[in-house]
Amino acid sequence: MNLKPRAQAAAWEKLIAMSERLPQSLIAVGPAGVGKRRAIKALFQYLHCEDGGGFFGAAGAEKPCGRCVQCTKIFENKHTDWIEISPQGEQIVVDDLREMKKALYFAPMDGTVRFVVIDQAHKLNLTSANSLLKILEEPPAHTRFFLITHERSRLLQTILSRSQFLNFAPLDNPTISTLLDEMQIVIPEKIRPMCLDLMSGGMDRAQTFSDEKVLNFLDQIFNELQRLVSRPNWENVVMAADALGNDEQKIELLLDV
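Residues numbered from 1 in each chain as written. Predicted model: local features only at pLDDT ≥ 70, side-chain atom pairs only at ≥ 80, totals over all residues. Heavy atoms only, no water.

A look at helix α7 (residues 173-182)
Among all positions in α7, only Ile-176, Ser-177, Leu-179 and Leu-180 are buried. When α7 is viewed along its axis, its buried side chains cluster within an angular range of 165 degrees and face the same direction. Close packing links the buried residues of α7 with α8 (192-198). Following α7 by one or two positions, Gln-184 has its phi on the positive side, about 60 degrees. (Buried < 20%, exposed > 50% of the residue type's maximum accessible area, 1.4 Å probe, protein only. Helix = DSSP H or I, 4+ residues; strand = E, 2+ residues; numbered from the N terminus. Arc of directions from axis to C-beta. Contact = heavy atoms within 4.5 Å.)

See the structure below:
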């Protein structure tokens, strides 16, 4: 499958423009769930595609093709040169980097470049961040690092200074609505505008709206909002939730969206 993002055309074009001389470290910044990881993975496909350009393919072909052996391995998370690190809980600890650091001693196995992707990089604790910093100070020539975050301010200044940045824009509500339909997440029309606003420009909360309990609670909030205010912004939603009573589970249900 071709992972090329549809909703981040500007960021994708910048990634392709960088592809011939990728920075050693790139920080992808933008709201949670706007397609940062997908775009980086699509770039990895682009560079390795056998049929559509990049290192192996024919000039002028569609890239990435999404069909060749390399594209398929990347889509199925079976490519040995794609290393992804995510928090196991609230932090990325130094032990989470151990296997990645071992891999850096060797050349890429399936291509000519290795991608190390650190998702939610703002969850690096001080020890793991400093461990990563040591690698960025003397980076392997065949490895590129991608840090994904929606909280740039929580990253070490020394990591920021050794990285380039790529900003991803929030998704607009029509795009979010289309993606929800494609995911077959059905939200009642009555509360759909409020739900779209609560998604804050990203798809990170999408699956929550497939939970009937969440939809029922949001319906109650919507009814309360009609009594309290005219515009359901985030502060008013929380105010309405509080007005419904002290049911902590219901409040947490909303805040976890």
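A few points about the side chain of Arg-114
Structurally, Arg-114 can be placed in strand β3 (residues 114-118). Look at Arg-114: it is buried, it has no salt bridge, and the nearest opposite charge is Asp-81 at 4.6 Å. In this structure the side chain of Arg-114 is engaged in a polar contact, spanning 3.2 Å, whose partner is the backbone oxygen of Ala-103. Beyond its immediate sequence surroundings of up to four residues, Arg-114 is in contact with Asp-81, Ile-83, Ala-103, Leu-104, Phe-106, Ala-107, Pro-108, His-142, Thr-143 and Arg-144. (Lys, Arg positive; Asp, Glu negative; His and termini not counted. Salt bridge = Lys/Arg side-chain N within 4 Å of Asp/Glu carboxyl O. Polar contact = N/O pair within 3.5 Å; in protein donor to acceptor, adjacent residues only side chain to side chain.)

Regarding the packing of helix α1 (residues 9-18) against helix α2 (residues 36-48)
Taken N-terminus to C-terminus, the directions of α1 and α2 make an angle of 40 degrees; their axes are 10 Å apart at the nearest point. The angle between the axes of α1 and α2 places the two elements in the oblique class. Seen from above, α1 lies across α2 with right-handed handedness. Between α1 and α2, the residues in contact are Trp-12, Leu-15 and Ile-16 and Ala-39, Ile-40, Ala-42, Leu-43 and Tyr-46, respectively. Looking at the contact of α1 with α2, its residues break down into 8 nonpolar, no polar and no charged. (Axes fitted to C-alpha atoms, helices over the stretch in contact; angles between N-to-C directions. Parallel < 35°, antiparallel > 145°, perpendicular 65-115°, else oblique. Left-handed = near helix turned anticlockwise from the far one by under 90°. Nonpolar A, V, L, I, M, F, W, Y, C, P; charged D, E, K, R; others polar.)

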